[in-house]
Amino acid sequence: MSIRFRLLTFLLCLTVIGSTAQRRSTRTTQRKATPQASQTTQSLKAGVTKELAAERSRIISHVNYDLTFNIPASQKQVVTGTAVITFLLSELTDVVLDFQGTFSGACIINGKQRTVTYQKEHIVLPMKQLKEGLNTVALTFTSANSALNRHDDYLYTLFVPDHARSCFPCFDQPDLRALFTTKLNVPDGWKTMTSDSENPLPTYLYSFVAGRFQEKKSQRDGRLMRALFLETDPKKTAQLDHIFDEAGNALRWMETYTGLKCPFKEYGMVILPGYQFGGMEHPGAIQMNDRRLLLGENPSQEEQLRRTELIAHETAHLWFGDMVSLKWFEDVWTKEVFANFMAAKITRRQFTKVDHDLNFIKTYQARALAIDRTEGTHPIAQSLTNQNEAAMLYDNIIYDKAPVMMRMLEQMMGAKSMQAGLQKYLRNYYFKNASWDDLIETLDREAPTVGIRQMSEVWVKQKGMPTIQSVYRDGKLVVSQHDPYGRGLCWRQKFDIRIINDLGRSRTITVDMQQPTMSFDIGPAPSYIIPNYNGSGYGRFTLDDVYTRKLPQRLIVTRDDLQRYALLLTLHDNYLMGLIPASYFGELYRDMMKEKNPLIMQTCVDHMFKIAFDLTPRERQTLEQCMMDLLSENRSDECRRTIIRKMSRHATAPEVVQQIYDLWKNHNDRLFDEHDYMEMAYRLAIMRPEEWQQIIVKEREYLSNDLLRQEFDYVSRACTPNGNAQRQLFNELLKPENRKQEPWALHVIELLNADVREPQSNAYIPSSLASLEYLQQTSDIFFTSDWLQALLSGHKSEEASRQVEQFLKKNPNLRPQLRNKILEAAWPLMNIRR
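Definitions and limits used
Along each chain, residue indices are assigned from 1 in the same order as the chain's sequence is written. Two thresholds apply to this predicted model, a pLDDT of at least 70 for residue-level local features and 80 or more for giving and counting side-chain atom pairs, whereas whole-chain, interface and lining totals are computed over all residues. Hydrogens and water molecules were not included; the side-chain quantities draw on all heavy atoms of the structure. In this description a helix means any DSSP run of H or I spanning at least four residues, a strand means any run of E spanning at least two, and both kinds are numbered starting from the N terminus. Between the two quantities, the radius of gyration covers C-alpha atoms and the globule rule is 2.2 Å times the number of residues to the power 0.38. Only protein chains enter the area calculation, which uses a 1.4 Å probe; residues under 20% of their type maximum are buried, those over 50% are exposed, and those in between are partly exposed. With residues, only the protein chains shown are counted as cover, and all accessible areas are computed by Shrake-Rupley using a 1.4 Å probe. Here, two residues are considered to be in contact whenever any of their heavy atoms come within 4.5 Å of each other. Two strands pair under a simple rule: DSSP has to find at least two bridges between them. Cavity and pocket criteria rest on a 1 Å grid covering protein atoms alone: a 1.4 Å probe that fits but cannot get out defines a cavity, protein on both sides within 12 Å along at least 5 of 7 lines defines an open pocket, and an atom within 4 Å of a point defines a lining residue. Grid points are joined across faces, edges and corners, and a volume is the space filled by probe spheres set on the points. Polar here means any residue outside two lists: the nonpolar Ala, Val, Leu, Ile, Met, Phe, Trp, Tyr, Cys and Pro, and the charged Asp, Glu, Lys and Arg; Gly therefore counts as polar.

Trainee: Would you take a moment to explain the overall build of the chain for this structure?
Mentor: Within the chain, the regular secondary structure consists of 31 helices and 26 strands. Here the C-alpha radius of gyration of the chain, 28 Å, is about what a compact globule of 834 residues would show, namely 28 Å. The principal-axis extent of the C-alpha atoms belonging to the chain is close to 95 × 65 × 60 Å. Counting every position in the chain, which comprises 834 residues, the buried fraction comes to 61%. By element, 48% of the accessible surface of the chain is carried by carbon and sulfur atoms, the whole surface being about 33,100 Å².

Trainee: So what exactly am I meant to see when it comes to the environment of Thr 778 here?
Mentor: Checked against the element boundaries, Thr 778 lands in the loop between helix 28 (772-777) and helix 29 (783-792). Residue classification places Thr 778 among the partly exposed positions, given a relative accessible area of 25%. Distance in space between the C-alpha atoms of Thr 778 and Leu 734 is 9.6 Å, their sequence separation being 44 residues.

Trainee: Please explain the environment of Gly 296 as it appears in this structure.
Mentor: Inspection of the secondary structure puts Gly 296 in the loop between helix 7 (290-293) and helix 8 (301-316). With relative accessibility at 19%, the residue Gly 296 sits in the buried group. With 377 residues separating them along the chain, Gly 296 and Asp 673 place their C-alpha atoms 5.7 Å apart. If we ignore the near neighbours within four places in the chain, the residues touching Gly 296 are Gln 239 and Asp 673.

Trainee: I would appreciate a short explanation of the pairing of strand 2 (residues 80-89) in the present structure.
Mentor: For a regular strand, side-chain orientation follows a simple rule: the groups alternate between the two sheet faces. Counting buried residues in strand 2 gives 7 out of 10 residues, a clear majority hidden from the surface. Note: strand 1 (residues 60-70) against strand 2, 9 bridges, orientation antiparallel. Residue Tyr 65 lies in a different strand from strand 2, and its bridge partner there is Ile 85. Pairing analysis gives 10 bridges linking strand 2 to strand 8 (residues 133-142), with the strands arranged antiparallel. Bridge pairing in strand 8 links Ala 83 to Leu 139.

Trainee: Explain the layout of surface pockets here, please?
Mentor: Using a probe with the size of a water molecule, rolled over the atoms, empty space left in the structure can be pinpointed. Taken as a whole, the largest pocket encloses approximately 830 Å³ of empty space. Taken together, 31 residues form the lining of the largest pocket, with Ser 146, His 163, Gln 777, Thr 778 and Ser 779 sitting closest to its centre. Among the residues making up the lining of the largest pocket, the classes are represented as 6 nonpolar, 14 polar and 11 charged.

Next up, the structure:
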């Protein structure tokens, strides 16, 4: 690919130069005497605006970056570099490079020393120093630190969505792909890894890492597998062979499904502690979170599933996102649609004993519903006016509702038609950029009669979900769909409803909802109506009051795992709507006594705790004790691990706190790893402030390596009972230099806002909300949402609710994306069952 691409660049350059000479000889009189700056450069703004990106896409092509970075060992010293940038220019005009670091203004343009303008994060190359055809710009610079993720003995770059310009001068937009050549000058003993250099990449997919990493190499199907890591626990590093196996399996599956070989010759991965994402799909240098990849000695089934899904997700991106990239201003979200959709398919092949329809609902559908039921929801499709807004678009609607929509689309088209359409899409846009509408056009040609465009218009381009009510009326089951925003939308979908009478006879009605209201003859009034029986529907499913009150009774007698899990979600949603009382905790308890499916256990415990959290402190303590009593009823390892982990973070009942203390003090339960014991220590230190220092000191003695100690020392500061120290710590985290390890910083915020610290912790809410713009500008893409979740999830007071309401009222001009983030995170607080 590299040789072909460079040859094409050379030939196109000759063509452009030839045509330029001809135009000069025949149209000299048509040229203006004095060149004028382009309209785009005259109105430059910080970031990459839609207008600037469109102008550059029109006139610039065949970009190459030859980059050198000088990386010192000390974080106190700056990273410097040189860049030689070549590109073809089809029309003579000013050219704008993006850069946020330090630049003197001096550079070499087409072999001549020049001084250029550097303003508003842009370097302006004047047209009089350029030429139509091939141009070369060479310059030296000092990188900003914001995307370098520097630590004492390593660094890694993370440029998504628009941070490459903080590190080196570039055209920082995804539709100007480029070839990258990289040289890293690093301290002795440091290992390095860079993203693929053979294929043209968008700037957000370019990456390099350097540091005192350990290294492991292997081969799978003739492909080099290479991992850099810092972990020293031999039990964890021994998992790397299995990780390589999973990556190899994912690659083979994707090649078979797409009909295209993976174009990237090396599968490199960097396993990082405290990594702010699950993973990032830089081809040849995929970055992954160490806790998601290197599991404890006795991992749960869910932990193993999530690892496989992460590897599959990042591998799928090599086709969907890397090979074919998005059109940034139109479809920032599109690449994530495919990745989780494919990850679900790949995981299905590797875990043959798991109910994957259930896992799909738990992994994607339930998470999407949690956002879609809030006032902060939004369409899957979103557009931008400036790339510096892109970080605000990422949430569970993009990552989780999108694969739900894709599965429905596949059901409409048929799996074979969907596969054929996606194969054509990849071939048509091979190493190009494509939009969602490009995909829909391709799929519509493959299945022109199923209404793909209409489905996309509602499911992708409109926000929210339907409320679907099933009622019995005069011998008929009437199923009606309501648009909560009054737009009259109809979400076309299929789902099952189960009808059961007193004698045990039952029937299943498959509803193909193509219109807002449908009715079915069912005869006499049934004993039970169970909506969305197999979980295939998406929305808020409600019943008449009489049927709603009876619905929890079906949980214990529903034997099929998928049907029981679907019922569990329906019950929980009706509880959140106030249609089912808190006493349904008893039905959850009865189910947990005999529950064997670990995926259902996790959800059951989450729902039980939500009910307990909503109640008075004394009632909550009683229910916590009930949850611990389950350990003598359901003696499975998965039940024990699930409940203990929940109580380790949230216990308030003195008896339960003592049980957690005894478990932590013994420190020898094989089900729990060191991070579990760290969580126990944090909670115990908060619940027992008179012992907090002894608990923290004792836990630190157990920690086996420097990485764990660094994390524990950072996070455990939040356990101090001293109010002044807590406020000082909170204020420190508002500064970006104090939250380099973003997951650790979020953990501190969560502990500072622990439920038992209310109302004192309410003081953090106004200052956090007032700082959101700054937090968003100085952090990575998920941080603002995660900060809000960590801030608000422990609060339930009316004072906290009023603080959020007052902030929103006083800030009517708050950016819509930020307002949505607040409304998403605050929904449980604003809708608590007081």
